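Structural characterization, general
Here are the chains, one letter per residue:
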Amino acid sequence: MTNWSIILNIAKTHLLTKMKSTVTATLGVTFGIGAYITMAGFMTGLNDLLDGLTLNRTPHIRLYNEIEPSLKQPISLYTDFEDTFNVINSIKPKKSQEKIHNALPILDYLKTNNAIKGATPQLQAQIFYLSGSIELGGILVGVDIIEETRLSNINDYIIEGTPEALRNNSNGILLGAGLADKMSLSVGDRVQVSTVAGDIFPLKIVGIYQSGLAEIDNVQSYVNLKTAQSILGQPENFITDINMRLFNIEAAPEMARQLESQFNVKAIDINEANAQFETGSNIRNLITYAVSITLLIVAGFGIYNILNMLIYEKMKDIAILKATGFSGRDVALIFMSQAMIIGLLGGLLGLLVGFGLSVLIDNTPFVTEALPTIKTYPINYSPLFYAIGIGFALLSTFVAGYLPANKAKNIDPVRIIRGT
Amino acid sequence: MKLVLETKNVNKHFYKPKDFHVLKDISFRIKEGEFASIMGKSGCGKSTLLYILSTMDTDYTGELFLNDRLITGKSHEELSRIRNKNIGFVFQFHYLLTEFSVIENVMLPAKKLAVKSLKEIKHDAYEKLKMLHIDHLAEQRASRISGGEKQRVAIARALINNPTILMGDEPTGNLDSHNSQNVFNIFKRLSTEEGLSLLVVTHDEDFARLTDRIIQMEDGRVID
Ligand SMILES: Nc1ncnc2c1ncn2[C@@H]1O[C@H](COP(=O)(O)OP(=O)(O)O)[C@@H](O)[C@H]1O
Ligand SMILES: [Mg+2]
């Protein structure tokens, strides 16, 4: 039977009479946990931000037609040459392969699939932007802007104008911010685009688009799908990409493979498209945990030392307790309690400090051209970090307290009382 | 008459630094209410014997009985409980928990026993202190009182659970003659008035002569 009130009372008295050591050990834990909470919150906040920058605008699955030469050349259709060795020089892909065959039926099919949140057609075309004497190469993307807004966070990146303004204006364009800068254009101005074939179309700027990635903002603009088709002189079924968003992102790779074989198109899923971001996140997480664990191990050694010292100073007390009927287990519990009290106090204080620093970072202004939606540094307040933080505080103090407590448990009172 | 303590052929060796047969065939009995003293030259094994009798040292051969129950071979947990409940121990150097008050020191073994309520324990502790004329020191820190007072606090602590037997290892060895006399008088009174059994190691001839029985030791043996 364990008499907790007396064990805790003795533990408390020891801690209070050794106030300096207690405070040192507690602050060690506080420092470790506080740093962990702050770093984890900041690092994962940063991760989420960077992931959002790229992943959120990456469709879960993208269907397109890879421009590649046909594997089956006409000559193989002739039975006459079946048994001969044919050599064909300089094979080139056909031009018509740019578009997705049967795009509209595929789109209709995808819209009925209930694993898919939405599928939206795009037409990507190489064009030139003309303004005065300037001529810039770029990409024009024809989209169903309302559907895009529903399925991606494109709206966050339209820094001037609205998606509706584009939808309502069949000659409207959402110009890339870099392009607008280079050509000194703003909303309401006109810009001309020229197709590769040389046809020129005037468009009205209804908004500015800034993704934060210069290589996109300097070349890419959005128009309505129909506008893009008519600029290229193509019919309504001319679609180069179908972007999909699923309800469950995990299902993307499997579904991509399935669509590929079903429709004879190229399907790329989000994991393939962004494999490198996963690596970046993992490395940042690794750094966070490596630093926090190092801090906690240092704090753990502090606790270990202080408890060892305390036990050395309290040899006589331990002998008396044992002589008057306290068991080795009771004595071990007294010292374990001290470690756990330090861990709990230090840990809780660490959570508070970590939260405080997080709030501070969260309110520090962070303005950058590249990230139009971001006003302050990002912080992730996930309760998971707080749970891990306090759990780790208790675990490390438990480990640090265990050896000294076990030593106290095994102290032979006779040796102490004899004074040898 | 009932026996409170009995040893049968207790032998003990120290193996370090070399084999040393420190206790040789110790067999004796303490009857209920008896006040016995152990005498012998320094180094003859008195303390060693007392540590075995108080169940703190389990490294011996032979048998030890307390209240006719065999103690030898019991687990450390069990021995702690027996020590807590049945054995009061007073050391030569009044070992008190210096960071606790006098009354807390006295209450400690009773709190561990956890039979009585905190209020009863406190009341009992006051009674013991009063009996030893140190109740006015109850709230003092144990480190702030004199040597003679400390030893009386240690006696009060040893008595708090109303033990079967009170053991002392030269409890007056570190006190001046006035305080020694005082402690002896307390023991004598506990023996005659309360019927407590006592076993006290002493160097003091006068002290020993006034006890019911003297157990004489020489070179690890009980003689006579
Ligand atoms: N831990 C030990 N290891 C070896 N020898 C010891 C140890 N403790 C005591 N002794 C020896 O045992 C003998 C008896 O010691 P002790 O019981 O303290 O004698 P007493 O109390 O009668 O003076 C002494 O010779 C002492 O040196
Ligand atoms: Mg001795």
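Residues numbered from 1 in each chain as written. Chains lettered and ligands numbered in written order. Predicted model: local features only at pLDDT ≥ 70, side-chain atom pairs only at ≥ 80, totals over all residues. Heavy atoms only, no water.

**Description of the overall build of chain A**
The condition that has to hold: Secondary structure follows DSSP: runs of H or I at least 4 residues long count as helices, runs of E at least 2 residues long count as strands, and numbering of each begins at the N terminus. When a residue's accessible area, from a 1.4 Å probe over protein chains only, is under 20% of the maximum for its type it is buried; when over 50% it is exposed; and in between it is partly exposed. Contact criterion: two residues are considered in contact whenever any of their non-hydrogen atoms come within 4.5 Å of each other. Computed with a 1.4 Å probe, the accessible areas rest on the Shrake-Rupley method; for each residue, only the protein chains presented here act as cover.
In terms of regular secondary structure, chain A is built from 15 helices and ten strands. Seen through its principal axes, chain A has C-alpha atoms that stretch 105 × 65 × 40 Å. Put simply, chain A has 420 residues, and 47% of those count as buried. Once local pairs closer than 6 in sequence are excluded, the contacts in chain A between residues at least 24 apart make up 77%. As presented, chain A carries roughly 21,200 Å² of accessible surface, and 60% of it is formed by carbon and sulfur atoms.

**Topic: helix H5 (residues 147–159) of chain B**
Convention followed: Each residue after the first adds 1.5 Å to the expected span of a helix.
For H5 of chain B, which comprises 13 residues, the first-to-last C-alpha distance of 19 Å matches the rise-based estimate of 18 Å (1.5 Å per residue) to within 8%. Along H5 of chain B, the residues classified as buried are Gly148, Gln151, Arg152, Val153, Ala154, Ile155, Ala156, Arg157, Ala158 and Leu159 of chain B.

**A closer look at the sheet that holds strand S9 (residues 213–218) of chain B**
Two modes of strand pairing occur in sheets, parallel and antiparallel, and in both the strands are linked by backbone hydrogen bonds. All names here are of chain B. Stated precisely, the cut-off is as follows: Two strands form a pair only when DSSP identifies at least two bridges running between them. To get an axis, a line is fitted to the C-alpha atoms, and for a helix only the part in contact is used. The angle between two axes follows their N-to-C directions and goes from 0 to 180 degrees.
Taking strand neighbours across the sheet as the criterion, the six strands line up as S6-S7-S8-S3-S9-S10 in an open arrangement whose pairing is mixed. Both edges of this open sheet fall to strand S6 (87–90) and strand S10 (221–223), since each of them pairs with a single strand only. Between one strand and the next, the sheet's axes are offset by a mean angle of 25°, whatever the strand orientation. Bridge analysis of strand S7 (residues 165–169) against strand S8 (residues 197–201) gives five bridges, and the strand direction is parallel. Residue pairing in the sheet places Leu166 in a bridge with Leu198 of S8. Relative to the sheet, H5 contacts S6 and S7, its axis offset from that of S6 by approximately 170°.

**Regarding the pattern of salt bridges**
Defined as follows: Salt bridges, as used here, are contacts in which a Lys or Arg side-chain nitrogen is within 4 Å of a carboxyl oxygen on Asp or Glu.
This model, assessed by the stated rule, comprises 14 salt bridges over all chains. Two residues, Lys314 of chain A and Glu99 of chain B, come together in a salt bridge whose shortest N-O distance is 2.2 Å. With Lys314 of chain A in the loop between helix H11 (275–313) and helix H12 (315–323) and Glu99 of chain B in the loop between S6 and helix H3 (102–113), this pair bridges two chains. Each member of the pair Lys314 of chain A and Glu99 of chain B is classed as buried. Here Lys74 of chain B ties to Glu78 of chain B by a salt bridge, and the two come within 3.8 Å at their closest N and O atoms. A cluster of three or more residues bridged by salt bridges with shared partners is formed by Arg257, Glu260 and Asp269 of chain A.

**Concerning the confidence of the model for chain B**
Close reading of the predicted structure is inappropriate where its pLDDT is low. Condition: What pLDDT conveys is the predictor's confidence in a given residue, as a value from 0 to 100.
For chain B, per-residue confidence averages 93 on the pLDDT scale, and 100% of positions sit at 70 or higher. Of all the helices and strands in chain B, helix H7 (residues 205–209) of chain B carries the lowest mean pLDDT, 88, while strand S4 (residues 61–66) of chain B carries the highest, 96.

**A closer look at the UniProt feature "transmembrane region" (unreviewed entry) in chain A**
All names here are of chain A. We apply this condition: UniProt positions are given in the numbering used here, feature names are shortened, and annotations may be inferred rather than shown by experiment.
Mapped onto the present numbering, the UniProt feature "transmembrane region" (unreviewed entry) falls on residues 286–311, 332–361 and 381–403. Between the C-alpha atoms that bound residues 286–311 the distance is 37 Å, and the span itself is 100% helix and 0% strand. Strand forms 0% of residues 381–403 and helix 91%; the C-alpha atoms that close the span are 35 Å apart.

**Regarding the nonpolar core**
The tendency in soluble globular proteins is for nonpolar side chains to be buried as a group. Here is the rule we go by: To qualify as a nonpolar core, a set must consist of buried Ala, Val, Leu, Ile, Met, Phe, Trp, Tyr and Cys residues joined through side-chain atoms within 4.5 Å.
Grouped together as the largest cluster of nonpolar side chains are 79 residues, with contacts concentrated most on Phe335 of chain A together with Leu5, Ile30, Leu53, Ile165 and Leu199 of chain B. Considering every element that reaches this core, the biggest residue donor is helix H13 (residues 328–362) of chain A, with nine residues. Those residues within four positions of Ile30 of chain B in sequence are excluded, and the remaining contacts are Leu3, Val4, Leu5, Ala36, Ile165, Leu199, Arg213 and Ile215 of chain B.

**Considerations on the UniProt feature "domain: ABC transporter" (unreviewed entry) in chain B**
Here, UniProt's "domain: ABC transporter" (unreviewed entry) annotation points to residues 5–223 of chain B. Between the end C-alpha atoms of residues 5–223 of chain B there is a gap of 18 Å, over a span that is 37% helix and 27% strand.

**So, the domain arrangement of chain A**
Just so we agree on the cut-off: In this document the domain limits rely on a domain assignment from an automatic tool or a database.
Partitioning chain A into domains gives domain 1 (4–55 + 277–418) and domain 2 (61–69 + 95–272). When each unit is reduced to the centre of its C-alpha atoms, the spacing between domain 1 of chain A and domain 2 of chain A is 52 Å.

**Observations concerning the pairing of S7 of chain B**
A regular strand carries its side chains on alternate faces of the sheet. All names here are of chain B. Heads up, the condition is: The handedness of a crossover follows from its direction of travel: if, with the strands pointing away from the viewer, the path from the first strand over the helix to the second runs clockwise, the crossover is right-handed.
Most of S7 is tucked away: five of the five residues are buried. Here S7 shows no split at all, with Ile165, Met167 and Asp169 on one side and Leu166 and Gly168 on the other all buried. Examined bridge by bridge, S6 and S7 share four bridges and lie parallel to one another. Directly across from Phe89, in S7, lies its bridge partner Met167. A crossover links S7 with its parallel partner S8, the connecting element being helix H6 (residues 177–194), and its sense is right-handed.

**Describing the interface of chain A and chain B**
Rule in force here: By convention, the term buried area covers the 1.4 Å-probe accessible surface removed from two parts as they join, with the contributions of both added. Here a polar contact is recorded for every N or O atom pair within 3.5 Å, except that within protein the pair must consist of a potential hydrogen donor and a potential acceptor, and residues adjacent in sequence are included only if both atoms are side-chain atoms.
Contacts between chain A and chain B engage 26 residues on the former and 24 residues on the latter. Carbon and sulfur atoms supply 62% of the area buried between chain A and chain B, which totals about 2,400 Å² over both sides. Contact with chain B buries surface across chain A, with Ile320, Ile417 and Arg418 of chain A losing the most and accounting together for 23% of the total. Put simply, chain A and chain B have two salt bridges between them. At the boundary of chain A with chain B, the tally comes to eight residue pairs in polar contact (both at pLDDT 80 or more). Only helix H1 (4–17), H12, H13 and helix H15 (413–418) of chain A provide two or more residues apiece to the side of chain A that touches chain B.

**Notes on the pairing of strand S9 (residues 241–246) of chain A**
Residues and elements named next belong to chain A. Judged by how many residues are buried, S9 sits mostly within the fold: six of six residues are covered. Neither face of S9 is left uncovered, since the one carrying Asp241, Asn243 and Arg245 and the one carrying Ile242, Met244 and Leu246 both have all their residues buried. Note: strand S1 (residues 61–64) against S9, four bridges, orientation antiparallel. In the strand pairing of S9, Tyr64 is matched with Asp241.

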